[in-house]
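Secondary and tertiary structure notes
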Amino acid sequence: WGAGGAFSFSSAIEDTAEAVRFLRDPATATKYRIDPRRVVLIGHSFGGFLAGYEGSRNLDLAGIAMLSAVNLGTLNSDPKEREIRLKRWSTQLHPVRGVTASELFAEAARHATGWDYVRWADALRGRAVLIVTANDQNRTDMDALAAALRKHGSAALQHAAVETDHSFSDRRIALQTIVLGWLESLTSNASGAKN
């Protein structure tokens, strides 16, 4: 957001992986006093997609939280919903450069199968995952991911529904409480495993 160069979903995926590598680098970990075994990814909307994508491929993450995450794999599946989103996105891309909403939707269409996060359930099942839904266009896919994780036997899934809009505008404290409680449970579980 706001960086130089042309934005793409693919480059954001690469940036997320690079950010995790940076945090795990021994020099970075020493400099910033990071425990590389306790790196957690938390993302909202497109950031939630990125957290899930990296989490489904990086087994060393301590947890993945997806908050009202957009499912890029299904972005083009419903023509009516696609047009609604396309119109909205066309007015909201001011923080990014070098791309149009139509180009982003075309990129998502090219990667539809690999970018459908419901298909990542098997890769995420043994992981600590937090899914938080809102009353928005992403809820159906988020609920489908939670159901798929349960079906695959995910014991480390926490799933919360918050009755609010996509940005959690009037429920930020409730969202913070959910996320902080989940993070605390990760710390408790890690401590219990060491004892």
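Scroll up to find the structure.
Description of the structure in this document. Residue positions are counted from 1 within each chain, in the order its sequence is given. Reporting of local features is limited, given that this is a predicted model, to residues whose pLDDT is at least 70; pairs of side-chain atoms are given and counted only at 80 or more, and all residues count toward the totals for whole chains, interfaces and linings. Computation of side-chain values covers all heavy atoms of the structure but excludes hydrogens and water.

**Section: the overall build of the protein chain**
For the protein chain, the helix and strand inventory stands at 8 helices and 4 strands. Secondary structure follows DSSP: runs of H or I at least 4 residues long count as helices, runs of E at least 2 residues long count as strands, and numbering of each begins at the N terminus. The order of helices and strands in the protein chain, counted from the N terminus, is α-α-β-α-β-α-α-α-β-α-β-α. Relative to the globule expectation of 16 Å for 195 residues, the C-alpha radius of gyration of the protein chain, 17 Å, shows essentially globular dimensions. The C-alpha extent of the protein chain, read off along each of the three principal axes, is 55 × 35 × 35 Å. Scored against the burial criterion, the 195 residues of the protein chain give a buried share of 44%. Radius of gyration here uses only the C-alpha atoms, and the compact-globule reference equals 2.2 Å multiplied by the residue count raised to the power 0.38. The classification of residues rests on relative accessible area computed with a 1.4 Å probe and restricted to protein chains. Under 20% of the type maximum is buried, over 50% is exposed, and intermediate values are partly exposed.

**Looking at the packing of aromatic side chains**
Side-chain rings of Phe, Tyr and Trp, where Trp is taken by its six-membered ring, are said to pair if the distance between their centres is within 6.5 Å; with planes under 30 degrees apart they count as stacked, over 60 as edge-to-face, and otherwise as tilted. In the structure shown here, the tally under the stated rule is 12 aromatic pairs. An angle of 75° between the planes, with centres 6.1 Å apart, marks the rings of Phe7 and Phe46 as edge-to-face. Of this pair, Phe7 sits in the segment before helix H1 (9-24) while Phe46 sits in helix H3 (residues 46-57); the two residues are 39 residues apart in sequence, bridging distant segments of the chain. Within the aromatic cluster, the residues linked to one another by ring pairs are Phe7, Phe9, Phe46, Phe49, Tyr53, Trp89, Phe105, Trp115, Tyr117 and Trp120.

**Concerning the nonpolar core**
Only buried residues count toward a nonpolar core, which is a set of Ala, Val, Leu, Ile, Met, Phe, Trp, Tyr and Cys residues joined through side-chain atoms within 4.5 Å. One finds Phe9, Phe46, Phe49 and Leu72 to be the most contacted residues of the largest nonpolar core, which totals 41 residues. Counting residues per element, the ones that place at least two in this core are H1, H3, strand S2 (63-67), helix H4 (79-90), helix H5 (101-110), helix H6 (121-124), strand S3 (129-133) and helix H7 (139-151). Excluding anything up to four places from it in sequence, Leu72 contacts Phe9, Phe46, Phe49, Trp89, Ala108 and Trp115. Pairs of residues are marked as contacts when any of their non-hydrogen atoms sit within 4.5 Å.

**Quick notes on the environment of Ala146**
Looking at the secondary structure, you find Ala146 in helix H7. A relative accessible area of 0% means that Ala146 is categorised as buried. Distance from Ala146 to His159, taken between C-alpha atoms, is 6.9 Å for residues 13 residues apart in sequence. Apart from the residues within four sequence positions on either side, Ala146 is in contact with Ile131, Leu157 and His159.

**Concerning the pattern of salt bridges**
In what follows, salt bridge is the name for a side-chain nitrogen of Lys or Arg lying within 4 Å of a carboxyl oxygen of Asp or Glu. Enumeration according to the criterion identifies 8 salt bridges in this entry. For the salt bridge of Glu81 with Arg85, the shortest nitrogen-to-oxygen distance reads 3.2 Å. Of this pair, Glu81 and Arg85 are both found in helix H4, 4 residues apart, which corresponds to roughly one turn of the helix. Looking at Glu81, the relative accessible area reads 26%, which means it is partly exposed. Taken together, the shared-partner salt bridges connect Arg139, Asp143 and Glu163 into one network.

**Overview of H3**
One fewer than the residue count of a helix, multiplied by 1.5 Å, yields its expected span. If you check H3, its first and last C-alpha atoms are 17 Å apart, about what 12 residues at 1.5 Å a residue would give, namely 16 Å. For H3, a buried count of 10 out of 12 residues is recorded, marking the element as mostly surrounded by other parts of the structure. Those residues of H3 that sit buried are Phe46, Gly48, Phe49, Leu50, Ala51, Gly52, Tyr53, Glu54, Gly55 and Ser56. Where H3 is buried, its residues touch H1, strand S1 (40-44), S2 and H6.

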